[in-house]
Amino acid sequence: MLLAIDCGNTNTVFSIWDGSEFLCTLRTSTHHARTADAYFTWYSTLVKHYGLEVDITEVIISSTVPRVVFNLRVFADRFFGCRPIVVGKPECLLPHQPRVDEGTQVGPDRLVNSAGAFDRHGGDLIVVDFGTATTFDVVDHDGAYVGGAIAPGVNLSLEALHMAAAALPHVDIAKPQRVVGTNTVACMQSGVFWGYVGLVREICTRIREERDRPMKIVATGGLAPLFQQSADLFDAMEEDLTMHGLTVIHRYNKDNG
């Protein structure tokens, strides 16, 4: 069995893959000081809670937080007796090499999303990921990541607004009933929600114009359903796109490594 680990700036997700489906997905906050023992205590407790009988033999890691990789490597070696594949490291093979400026280090999450999206949808894609940052990944006709755009994440923008303006409260993102708010919370929600609808639509439109070809827009991340239901921005949504991408890269390394 494969343990796929996606470590983002805010959350770290563990998913157990049995070769045909994910048996469970576990989520915790990302913390660079969490030790291998602490990871295993948390992981084993939840696996036992779900009543799963699992025998992890392989691990693959994607991390946008370099400081956590060491302890995750120790976790894989100590408790599963395996050397994990780490996306972005030289020993990790990619199904399609990115085509970007020389010397550019592409984020592992963007490589993983590109691999997963191409496997499911083919080429000529724009992958929009609503995470701590909102990223736009352009996948060429042959599956190669060729660049994109990065904007502040939705919740990050709300938090920055609250922190920088003393009179503004902390609010949760939601679709407002009207564009014109009649109280502070409604005004903030309207500005952020419709502002991001405009941001996503404009960036995707300009990417399509610049690439001069039809391109399918695939969304992932926790807030993707909210924006899709309200504004019909995407052609497809993939809740497990990153985890699927990790299985694609793992399979490629097994076949070619």
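Attention in this report is confined to the structure presented alongside it. From a predicted model like this one, the values you see are computed outputs, not experimental measurements.

Rules and cut-offs
- Residues numbered from 1 in each chain as written.
- Predicted model: local features only at pLDDT ≥ 70, side-chain atom pairs only at ≥ 80, totals over all residues.
- Heavy atoms only, no water.
- Disulfide = S-S within 2.5 Å.
- Pairing = 2+ DSSP bridges.
- Helix = DSSP H or I, 4+ residues; strand = E, 2+ residues; numbered from the N terminus.
- Contact = heavy atoms within 4.5 Å.
- Axes fitted to C-alpha atoms, helices over the stretch in contact; angles between N-to-C directions.
- Salt bridge = Lys/Arg side-chain N within 4 Å of Asp/Glu carboxyl O.

What to know about the state of the cysteines
Simply put, disulfide is the name for a covalent bond between the sulfur atoms of two cysteines.
Thought 1: All chains considered together, the criterion is met by zero disulfides.
Thought 2: This cysteine, Cys24, is not joined by any disulfide, and Cys82 carries the nearest cysteine sulfur, 16 Å off.

Let's talk about the sheet that holds strand S4 (residues 58-63)
Thought 1: Ordered in space as S3-S2-S1-S4-S5, the five strands form an open sheet in which the pairing is mixed. Edge positions in the sheet fall to strand S3 (22-29) and strand S5 (85-86), since each of these pairs with one other strand and no more.
Thought 2: As paired elements, strand S1 (residues 2-7) and S4 share six bridges and run parallel to each other. Bridged to Asp6 within S4 is Ser62.
Thought 3: Along the sheet face, helix H1 (residues 36-49) touches S1, strand S2 (11-17) and S3 and points at about 135 degrees away from the line of S3.
Thought 4: Each of S1, S2, S3, S4 and S5 is contacted by helix H7 (residues 241-256), which is oriented at about 125 degrees to S1, the strand it contacts most.

Description of the pattern of salt bridges
Thought 1: Under the counting rule described, the total for this entry stands at 14 salt bridges.
Thought 2: The salt bridge involving Asp240 is made with Arg120; its shortest N-O contact spans 2.8 Å. Of the two residues, Asp240 is situated in the loop between strand S10 (236-237) and H7 and Arg120 in helix H3 (residues 108-121); the sequence distance between them amounts to 120 residues.
Thought 3: We note a salt bridge from Asp124 to Arg213, for which the minimum N-O separation is 3.1 Å. Remark: Arg213 occurs in the loop between helix H5 (184-211) and strand S9 (216-221) and Asp124 occurs in the loop between H3 and strand S6 (125-130); sequence separation between them is 89 residues.
Thought 4: Through salt bridges with shared partners, a single ionic network connects Arg99, Asp124, Asp140, Asp142, Arg211 and Arg213.

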